[in-house]
Amino acid sequence: MMPDLGKYAETVLSAYAASIVLLVAIVVLTLLRGRRVRAEMERIEEKAGRDG
């Protein structure tokens, strides 16, 4: 399943691991920001509805 990477195995696998960690971090941060922006938009719309 996994190719023989020889002396570069540590470098290649650590690069894959770093890439996966960064992708997961980007996804998590995007979801958190989306949640925060959605809550802020709802708060603004609620305020506009009362004042409008």
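A short tour of the structure in this document, coming up. Everything numeric in this text was worked out from a predicted model, so none of it was measured. (Residues numbered from 1 in each chain as written. Predicted model: local features only at pLDDT ≥ 70, side-chain atom pairs only at ≥ 80, totals over all residues. Heavy atoms only, no water.)

1. A short note on the overall build of the protein
- The helix and strand inventory of the protein stands at 1 helix and 0 strands.
- Taken against the 2.2 N^0.38 rule, which gives 10 Å for 52 residues, the C-alpha radius of gyration of the protein at 22 Å runs more than 25% over that of a compact globule.
- Overall, the protein is about 70 × 20 × 10 Å in size when its C-alpha atoms are taken along their principal axes.
- Sorting the 52 residues of the protein into buried and exposed places 0% on the buried side.
- Accessible surface, the protein as shown: approximately 5,100 Å² in total, 65% of it carbon and sulfur.
- Averaged over its 8 positive side-chain charges, the protein has a centre that lies 4 Å from the centre of its 7 negative ones. (Helix = DSSP H or I, 4+ residues; strand = E, 2+ residues; numbered from the N terminus. Rg over C-alpha atoms; globule rule 2.2 N^0.38 Å. Buried < 20%, exposed > 50% of the residue type's maximum accessible area, 1.4 Å probe, protein only. Areas by Shrake-Rupley, 256 points an atom, 1.4 Å probe, with all protein chains shown as cover. Lys, Arg positive; Asp, Glu negative; His and termini not counted. Charge placed at Lys NZ, Arg CZ, Asp CG, Glu CD.)

2. Some thoughts on the pattern of salt bridges
- Using the criterion set out here, one finds 1 salt bridge in the structure.
- The salt bridge partner of Glu-40 is Arg-43, with a shortest N-O separation of 2.7 Å. One end of the pair is Glu-40 and the other is Arg-43, both in helix H1 (residues 9-51) and 3 residues apart, which spans about a single turn.
- The exposure class of Glu-40 is partly exposed, given its relative accessible area of 36%.
- Judged by relative accessible area, which is 47%, Arg-43 ranks as partly exposed. (Salt bridge = Lys/Arg side-chain N within 4 Å of Asp/Glu carboxyl O.)

3. With respect to a nonpolar patch on the surface
- On the surface, Ile-20, Val-24, Val-28, Leu-29 and Leu-32 cluster together to form a nonpolar patch covering roughly 460 Å² of accessible area.
- Within the secondary structure layout, Leu-32 lies in helix H1.
- Residue classification places Leu-32 among the partly exposed positions, given a relative accessible area of 44%. (Patch = residues over 30% accessible without salt bridge, like charges linked within 9 Å, V, L, I, M, F, W, Y side chains within 5 Å.)

4. Considerations on the environment of Leu-22
- Relative to the elements of secondary structure, Leu-22 occurs in helix H1.
- Owing to a relative accessible area of 55%, Leu-22 belongs among the exposed residues under this scheme.

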